[in-house]
Amino acid sequence: MAESTPETHVIDFRAAEQLLAARDPRGAVKLLDSVVAAHPENTAARLLRARAFFAAAQLRAAELEFQLVLEREPDNAFAHFALARTYERTARPDQAVRHFRLAAALDPKPEYVEAARFDVDDA
């Protein structure tokens, strides 16, 4: 096995992006595990790994990664949106709406605003 260096971590990160785009989320997770182990503070790697977990239907792992990203970057609209989608898939609509609304408040992209369901009565 080759020695792990910062350069190999960058290569692994980029390869993981490609694997995720090619719909191989489990392959992406494998590559990202070593990157995150070497650089646990790297929020970009954690966010990509969270997306890969979500795509692989490893929803508890995705939830934990998205939460960790949000602890470090509470204003990350995409992480709020993705965490909301994770809650939605695990049948937790109240938690999902909260994070959809946070995402929409942070970044009023049409898909965030639509998902936030501001026009629906909360009662």
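This structure is a prediction, so every number in the text was calculated from the model and none was measured.

Conventions and cut-offs
Residues numbered from 1 in each chain as written. Predicted model: local features only at pLDDT ≥ 70, side-chain atom pairs only at ≥ 80, totals over all residues. Heavy atoms only, no water. Core = buried A, V, L, I, M, F, W, Y, C linked by side-chain atoms within 4.5 Å. Buried < 20%, exposed > 50% of the residue type's maximum accessible area, 1.4 Å probe, protein only. Helix = DSSP H or I, 4+ residues; strand = E, 2+ residues; numbered from the N terminus. Contact = heavy atoms within 4.5 Å. Salt bridge = Lys/Arg side-chain N within 4 Å of Asp/Glu carboxyl O. UniProt positions renumbered as here; feature names shortened; annotations may be inferred. Axes fitted to C-alpha atoms, helices over the stretch in contact; angles between N-to-C directions. Parallel < 35°, antiparallel > 145°, perpendicular 65-115°, else oblique. Left-handed = near helix turned anticlockwise from the far one by under 90°. Nonpolar A, V, L, I, M, F, W, Y, C, P; charged D, E, K, R; others polar. Phe/Tyr/Trp six-rings, centres within 6.5 Å; stacked < 30°, edge-to-face > 60°. Lys NZ or Arg CZ within 6 Å of the ring centre and 35° of its normal.

## A word on the nonpolar core
As a rule of thumb, soluble globular proteins bury nonpolar side chains together.
Then step 1. Within the largest apolar cluster, 34 residues are counted, with the highest numbers of intra-cluster contacts made by Leu48, Phe66, Phe81, Phe100 and Tyr112.
Then step 2. Contributing elements (two or more residues each) for this core: α1 (6-21), α2 (25-38), α3 (43-55), α4 (59-72), α5 (77-89), α6 (93-106) and α7 (110-116).
Then step 3. What Phe81 contacts, discounting residues up to four positions off in sequence, is His99, Phe100, Ala103, Glu111, Tyr112 and Ala115.

## Overview of the environment of Arg49
Then step 1. As for its position among the elements, Arg49 is in helix α3.
Then step 2. For Arg49, a relative accessible area of 12% translates into the label buried.
Then step 3. Separated by 23 residues in sequence, Arg49 and Arg26 place their C-alpha atoms 9.6 Å apart.
Then step 4. When residues no more than four places from it in sequence are discounted, the contact partners of Arg49 are Val29, Leu32, Asp33, Val36 and Glu65.

## Notes on the pattern of salt bridges
Then step 1. Summed over the entire model, instances satisfying the criterion amount to seven salt bridges.
Then step 2. One salt bridge in this structure joins Arg46 and Glu65, with 3.1 Å as the shortest N-O distance. Here Glu65 lies in helix α4 and Arg46 lies in helix α3, a separation of 19 residues in the sequence.
Then step 3. For Arg46, a relative accessible area of 9% translates into the label buried.
Then step 4. The shortest N-O distance in the salt bridge between Glu63 and Arg60 comes to 3.0 Å. With Glu63 and Arg60 both in helix α4 and three residues apart, this pair spans about one turn of that helix.
Then step 5. We classify Glu63 as buried; its relative accessible area is 5%.

## A few points about the UniProt feature "repeat: TPR" (unreviewed entry) in the chain
Then step 1. Mapped onto the present numbering, the UniProt feature "repeat: TPR" (unreviewed entry) falls at residues 77-110.
Then step 2. A distance of 13 Å separates the end C-alpha atoms of residues 77-110, which is 82% helix and 0% strand.

## Some remarks on the packing of α1 against α3
Then step 1. As a packed pair, α1 and α3 sit with axes 11 Å apart at the nearest point and diverge in direction by 25 degrees. When the axes of α1 and α3 are compared, the pair comes out roughly parallel. Once α1 is placed against α3, the crossing between them reads as left-handed. In this structure, α1 uses Phe13, Ala16, Glu17 and Leu20 to contact α3, whose residues at the interface are Ala44, Ala45, Leu48, Arg51, Ala52 and Ala55.
Then step 2. In terms of residue class, the contact of α1 with α3 is made up of eight nonpolar, no polar and two charged.

## Examining the packing of aromatic side chains
Then step 1. Taken as a whole and assessed by the stated rule, the structure comprises two aromatic pairs.
Then step 2. Ring geometry for Phe81 versus Phe100: centroids 5.4 Å apart, planes at 55 degrees, classification tilted. Here the residue Phe81 occupies a position in helix α5, and Phe100 occupies one in helix α6, the gap between them amounting to 19 residues.
Then step 3. On the basis of relative accessibility, which here comes to 0%, the residue Phe100 falls in the buried class.
Then step 4. Connected via pairs of aromatic rings, a cluster forms that spans Phe81, Phe100 and Tyr112.
Then step 5. The side chain of Arg89 reaches across the aromatic face of Phe54, ending 4.5 Å from its centre.

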